[in-house]
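Residues per chain, in single letters:
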Amino acid sequence: MFTDNNNEDSRPVTPSQEDCCHSACDPCIFDIHKKLLEEYERKKKQNIKINNRSNVLHLYEYRNFVVSGIQEISECYILLVLKYNENNYKDYSILIDPGQYVILHLHDAAKPYTPISFTDDSIEFLIRIYPNGKFSQYLESIKVGNTVRIRGPYGNFKYESNSFQTIIMFSMGSGITAVYPIAKSIVDNESEETKIHLIGGFKNILQIPLKKELQTLSDYWNFKCTLHISQLQNLCSLHGIDVKSGRLNEKSIFEILQDKIASTTLILICGSSHFNKSVAQWVKCMNYIHIHVFE
Ligand SMILES: Cc1cc2nc3c(=O)[nH]c(=O)nc-3n(C[C@H](O)[C@H](O)[C@H](O)COP(=O)(O)OP(=O)(O)OC[C@H]3O[C@@H](n4cnc5c(N)ncnc54)[C@H](O)[C@@H]3O)c2cc1C
């Protein structure tokens with residue numbers, strides 16, 4: 001279910017045909033409106049107070065953001081910073097829960113992306129560039145000062161502080177964008193006693209994005225990072241990070257999970273649909289029940 005963080009006081013306003021960008025988005029604004037309406041009716045029936053926060057972002061209206069930074073950080077990954085600087089939302093700020101995603105709209109297309117961090121008025125994205133990818137090629141060629149439209153945030157992952165002893169995060173490639181902000185928010189929270197193990201899969205050592213960020217988290221007592229590199233030419237070490245040669249497979253997942261307690265461990269999975277399906281199947285076979293797949 002989408003988070004109800006619209007800025008209206010009451011019933012969600014029905015979007016007009018002109019609000020639709022006709023880019024075959026998933027989710028489309030009309031799907032979102034339908035879900036919000038169901039949520040609104042449910043809350044109304046149960047007499048639950050509707051909580052309206054002042055979010056710059058809107059679930060089905062695009063907001064204009066301006067590119068304020070763009071940087072190549074590793075082979076095929078860029079960091080993109082988008083800033084909101086319209087005056088009519090002075091008392092508003094950007095509100096996104098860790099792991100949620102937004103829809104970026106540029107030219108004639110729209111695609112989902114997961115912010116890795118945000119401030120009151122800017123959002124940072126880690127973007128994987130595909131040589132034949134339409135939208136990522138658009139993003140690779142934009143310049144500081146260009147406009148990108150954003151709506152959201154979406155995603156139903158909810159985390160309650162200290163609700164698990166351990167969180168194991170399995171990610172592949174750009175899937176790290178969903179789990180990294182969750183890990184960071186837990187490490188940043190001094191009252192957290194949850195231990196995190198983030199396991200990421202990448203093709204080669206040059207592709208690894210967020211190296212420094214992962215190394216910084218590894219300095220904390222409750223964060224551990226292991227990276228599986230499928231095409232590791234030479235042995236290599238990254239301070240604070242355990243680098244392993246070869247793909248993340250059933251055997252390595254078994255080794256990671258065998259000494260954990262299923263009832264107090266949360267498993268997070270984010271990668272390609274094949275990766276998500278395989279990892280979810282393997283962890284279920286080991287009787288893990290608390291599993292969230294980002295897709
Ligand atoms: C909820 C959600 C959040 C996402 N968050 C992020 C994010 O934070 N950062 C990010 O970089 N991406 C993210 N993605 C993926 C992103 O939305 C695009 O799908 C991706 O950038 C490719 O779009 P494209 O138009 O460039 O490629 P397309 O034109 O759609 O694809 C062209 C070709 O690119 C290659 N390709 C595209 N996607 C993949 C893939 N996943 N794996 C392997 N090859 C692929 C294939 O060769 C494909 O034929 C997210 C996706 C979802 C569903």
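This text gives an overview of the structure that appears in the document. These figures come from a predicted structure and were not determined experimentally.

Points about the state of the cysteines
Per the counting criterion, the structure on display carries zero disulfides. Not part of a disulfide, Cys-76 finds its nearest cysteine sulfur in Cys-270, a span of 16 Å.

Describing the sheet that holds strand 13 (residues 291–293)
Here six strands make up an open sheet; going across it, the order is 11-10-9-8-12-13 and the pairing parallel. For this open sheet the edge positions go to strand 11 (241–245) and strand 13, each flanked by a neighbour on one side alone. Adjacent strand axes in the sheet meet at a mean angle of 15 degrees when their direction is disregarded. For strand 10 (residues 223–229) and strand 11, the ladder comprises five bridges, and the chain directions are parallel. Within the sheet, the bridge partner assigned to Thr-226 lies in strand 11 and is Asp-242. Packing against the sheet, helix 6 (residues 273–285) makes contact with strand 8 (166–172), strand 12 (265–270) and strand 13, and its axis sits at approximately 160 degrees to strand 12.

Here's the deal with the packing of helix 3 (residues 176–188) against helix 4 (residues 211–218)
The interhelical angle for the contact between helix 3 and helix 4, taken along N-to-C directions, is 35 degrees, at an axis separation of 11 Å. Here the hand of the crossing between helix 3 and helix 4 comes out left-handed. In this structure, helix 3 contributes Ile-176, Tyr-180, Ala-183, Lys-184 and Val-187 to the contact, and helix 4 contributes Glu-213, Leu-214 and Leu-217.

A short note on the sheet that holds strand 4 (residues 109–113)
Ordered by their spatial adjacency, seven strands build an open sheet running 4-3-7-1-2-6-5, and the pairing between neighbours is antiparallel. The outermost strands of the open sheet, each flanked by one partner alone, are strand 4 and strand 5 (115–118). When the angles between neighbouring strand axes are averaged without regard to direction, this sheet yields 35 degrees. Relative to strand 6 (residues 122–128), strand 2 (residues 77–83) runs antiparallel, the two sharing seven bridges. Within strand 6, the residue paired with Lys-83 across the bridge is Ser-122. Sitting on the sheet, helix 3 is in contact with strand 5 and strand 6, with an inclination near 35 degrees to strand 5.

With respect to the packing of aromatic side chains
On inspection of all chains with the given rule, the structure shows five aromatic pairs. Consider the rings of Tyr-101 and Tyr-154, whose centres lie 5.6 Å apart with planes at 55 degrees: the pair is tilted. Pair noted here: Tyr-101 is in strand 3 (residues 101–106) and Tyr-154 is in strand 7 (residues 147–154), with a separation of 53 residues, a long-range link. Residues Phe-135 and Tyr-138 carry aromatic rings whose centres are separated by 6.3 Å and whose planes lie at 65 degrees to one another, so their mutual orientation is edge-to-face. Of this pair, Phe-135 and Tyr-138 are both found in helix 2 (residues 134–140), three residues apart, which corresponds to roughly one turn of the helix.

Parameters at a glance
Residues numbered from 1 in each chain as written. Predicted model: local features only at pLDDT ≥ 70, side-chain atom pairs only at ≥ 80, totals over all residues. Heavy atoms only, no water. Disulfide = S-S within 2.5 Å. Pairing = 2+ DSSP bridges. Helix = DSSP H or I, 4+ residues; strand = E, 2+ residues; numbered from the N terminus. Axes fitted to C-alpha atoms, helices over the stretch in contact; angles between N-to-C directions. Contact = heavy atoms within 4.5 Å. Left-handed = near helix turned anticlockwise from the far one by under 90°. Phe/Tyr/Trp six-rings, centres within 6.5 Å; stacked < 30°, edge-to-face > 60°.

It is worth stressing that arrangement in space is one thing and function is another; only the former is reported here.
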